[in-house]
Amino acid sequence: MSLFNKFVIETDNDYPHLLITAGVHGDEFESIRCIHTLINQLPGNLLKGKLTLVPCVNTEAFLLGNRTAADELDLARICPGDPNGTITMRVGHELSQLIRTADYYIDLHTGGIRFSVHPLTGYLLHPDQQVLDCSKWLAKSFNLPFIWGTDWRLPGRSMSIACEYGIPAIYAEYLGGAQCSEEGVSDYINGCLNVLGRLGMMNRVQPESRVKTIVEDPRRGSGHMQVCHPAEFDGFFTPTYSLGDTVQQGDVLGTVRTIDGRYTSKLIANQNGTVIVLRTFSMVRKGEATVVIA
Ligand SMILES: [Zn+2]
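In this text, all values refer to a predicted model and were calculated from it rather than measured experimentally. (Residues numbered from 1 in each chain as written. Predicted model: local features only at pLDDT ≥ 70, side-chain atom pairs only at ≥ 80, totals over all residues. Heavy atoms only, no water.)

> Sorry, what's going on with the coordination of the zinc ion here?
Metal coordination angles in their ideal form are 109.5 degrees for the four-donor tetrahedron and 90 or 180 degrees for the six-donor octahedron. The zinc ion binds to the protein through His-25 (ND1), Glu-28 (OE), Glu-28 (OE) and His-109 (ND1); the donor distances cover 2.0 to 2.4 Å. Mapping the donors of the zinc ion onto the primary sequence gives the spacing H-x2-E-x80-H. In this pair, His-25 is assigned in the loop between β2 (17–21) and α1 (29–41) and His-109 in the loop between β4 (104–108) and β5 (115–124), connecting sequence segments 84 residues apart. Exposure remark for His-109: the relative accessible area of 8% places this residue in the buried category. (Donors = N, O, S within 2.8 Å, 3.2 Å for Na, K, Ca; no water. Helix = DSSP H or I, 4+ residues; strand = E, 2+ residues; numbered from the N terminus. Buried < 20%, exposed > 50% of the residue type's maximum accessible area, 1.4 Å probe, protein only.)

> I'm lost on the side chain of Thr-21 in this one. Help?
Considering the arrangement of structural elements, one finds Thr-21 in strand β2. Residues within four places of Thr-21 in sequence aside, it is in contact with Ile-35, Val-54, Val-57, Leu-95, Tyr-105, Ile-106, Asp-107 and Leu-108. (Contact = heavy atoms within 4.5 Å.)

> How do you make sense of the domain arrangement of the protein when you look at a structure like this?
One widely used convention gives an interface's size as the accessible area the parts lose upon coming together. Each domain of the protein was delimited in the assignment, giving domain 1 (7–217) and domain 2 (225–293). Centre-to-centre, using C-alpha coordinates, domain 1 lies 27 Å away from domain 2. The interface is formed by 15 residues belonging to domain 1 together with 16 residues belonging to domain 2. Carbon and sulfur atoms supply 65% of the area that domain 1 and domain 2 bury against each other, a total of about 1,200 Å² over both sides. Between the two partners, domain 1 and domain 2, sit 0 salt bridges. In this assembly, domain 1 and domain 2 are joined by 4 residue pairs in polar contact (both at pLDDT 80 or more). Mapped onto the side of domain 1 that touches domain 2, the elements with two or more residues apiece are β5, β6 (146–150) and β7 (169–176). Looking at which element gives the most residues to the side of domain 1 that touches domain 2, the answer is β5, with 5 residues. When its residues are assigned to classes, the side of domain 1 that touches domain 2 shows 8 nonpolar, 3 polar and 4 charged. (Domains from an automatic or database assignment. Buried area = accessible area lost by both parts, 1.4 Å probe. Salt bridge = Lys/Arg side-chain N within 4 Å of Asp/Glu carboxyl O. Polar contact = N/O pair within 3.5 Å; in protein donor to acceptor, adjacent residues only side chain to side chain. Nonpolar A, V, L, I, M, F, W, Y, C, P; charged D, E, K, R; others polar.)

> It is not clear to me how the pattern of salt bridges should be interpreted in this structure. Could you clarify?
It is possible for side chains of opposite charge to pair when their charged atoms get near one another. What the rule picks out here adds up to 10 salt bridges. One salt bridge in this structure joins Arg-67 and Asp-74, with 2.9 Å as the shortest N-O distance. What you see here is one network of salt bridges that share partners, running through Glu-28, Arg-67 and Asp-74.

> Hey, could you run me through the packing of aromatic side chains in this one?
The geometry of an aromatic ring pair comes down to the distance between the two centres and the angle between the two planes. On inspection of all chains with the given rule, the structure shows 4 aromatic pairs. Ring geometry for Phe-233 and Tyr-263: centres 5.7 Å apart, planes at 50°, overall tilted. Within this pair, whereas Phe-233 is found in the loop between β8 (213–217) and β9 (235–239), its partner Tyr-263 is found in the loop between β11 (252–257) and β12 (264–268), the two being separated by 30 residues in sequence. Residue Tyr-263 is classed as partly exposed on the basis of its relative accessible area, which comes to 45%. Site record: aromatic cluster; members linked through ring pairs are Phe-142, Tyr-174 and Tyr-188. Above the face of the Phe-281 ring, Arg-114 is positioned so that its terminal group lies 4.3 Å from the ring centre. (Phe/Tyr/Trp six-rings, centres within 6.5 Å; stacked < 30°, edge-to-face > 60°. Lys NZ or Arg CZ within 6 Å of the ring centre and 35° of its normal.)

> Looking at this model, I keep getting lost on the state of the cysteines. Mind explaining?
When the sulfur atoms of two cysteines share a covalent bond, that bond is a disulfide. For the structure on display, the rule yields 0 disulfides. Cys-34 provides the cysteine sulfur closest to Cys-180, a residue in no disulfide bond, and the two sulfurs are 10 Å apart. For Cys-192, which is in no disulfide, the shortest distance to another cysteine sulfur is to Cys-34 and amounts to 4.1 Å. (Disulfide = S-S within 2.5 Å.)

> Got a minute to help me understand the nonpolar core in this structure?
One finds Leu-18, Ile-20, Leu-38, Leu-51, Leu-108, Phe-142 and Leu-196 to be the most contacted residues of the largest nonpolar core, which totals 39 residues. For this core, the secondary-structure elements that each account for two or more residues are β2, α1, β3 (50–54), β4, α4 (129–142), β7 and α6 (182–198). Looking at this core element by element, the count peaks at 7 residues for α6. Formed by 35 residues, the second largest nonpolar core is a distinct cluster that contains Leu-75, Ile-99, Val-117 and Cys-228. (Core = buried A, V, L, I, M, F, W, Y, C linked by side-chain atoms within 4.5 Å.)

> Would you mind going over α4 with me for this structure?
One turn of an α-helix holds 3.6 residues; hence residues three or four places apart share an orientation. Between its first and last C-alpha, α4 extends 20 Å over 14 residues, near the 20 Å set by a 1.5 Å rise per residue. Listed in full, the buried residues belonging to α4 are Val-131, Leu-132, Cys-134, Ser-135, Leu-138, Ala-139, Ser-141 and Phe-142. Elements that come into contact with the buried residues of α4 comprise β4, β5, β6, β7 and α6. The N-cap of α4, judged by a side-chain oxygen 2.8 Å from the amide nitrogen of Gln-130 a few residues on, is Asp-128. With its phi angle positive at about 75°, Asn-143 sits one or two positions after the end of α4. (Expected span 1.5 Å × (residues − 1).)

This is the structure we're talking about:
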């Protein structure tokens, strides 16, 4: 029995197979709403190929209102999973098997309950030039303003599985902070439709490009958001900047104050760039990320 719901739209010709997933993390809502809309609007409109839509990969996490299921494993860190493991390991296995059947892959995320992310499309800097060019082309087609290419060697993600099998793939991020932004839902729907159009799977008049910035960061570990500017101790986080702001190395990105309010530590930017992820949840535990700069 399948651990998550799949909605498949087929035509006479099953190439290309495009897979779009949401809810790899259970607290990322724009993505799930986007897939719900596609499920209700797309049947009958596909010219060729096969489209698999997964509205919520991590159902248990969604029902808990959390990023992860009760075993607290991050589904985007444990792929290819294990068919005999805990719930997240089993879901990871099923997701990885599904990704291997795709010709192109889009994985929709947001910042979840605790973070907000500057709208962006990401891809891995794949060592195979053809896969890399195609992933970049997908990212441009998706048409969010910011594009971020990062280290392909990060393990355990849905993107890592696509990378291993040479499948052109992108992920997207859009705000979060426990909200469900209408603009985010609509940009995600349009992004998916743009890609379907570019792949010739449906008729689509392509909009003008909104892409403003493309950053490629080949450093080892780039794209791993959970380790950036960690809090020195448990406490209360207050940011200094907003999403999309430009910062310089050495700038004070925010502060963490001890729970008793008596001691404050400053978070200092370790590089120049744009603030692309911001913690929106004021409580922070020691070692947790606060701000990501691209
Ligand atoms: Zn996510």
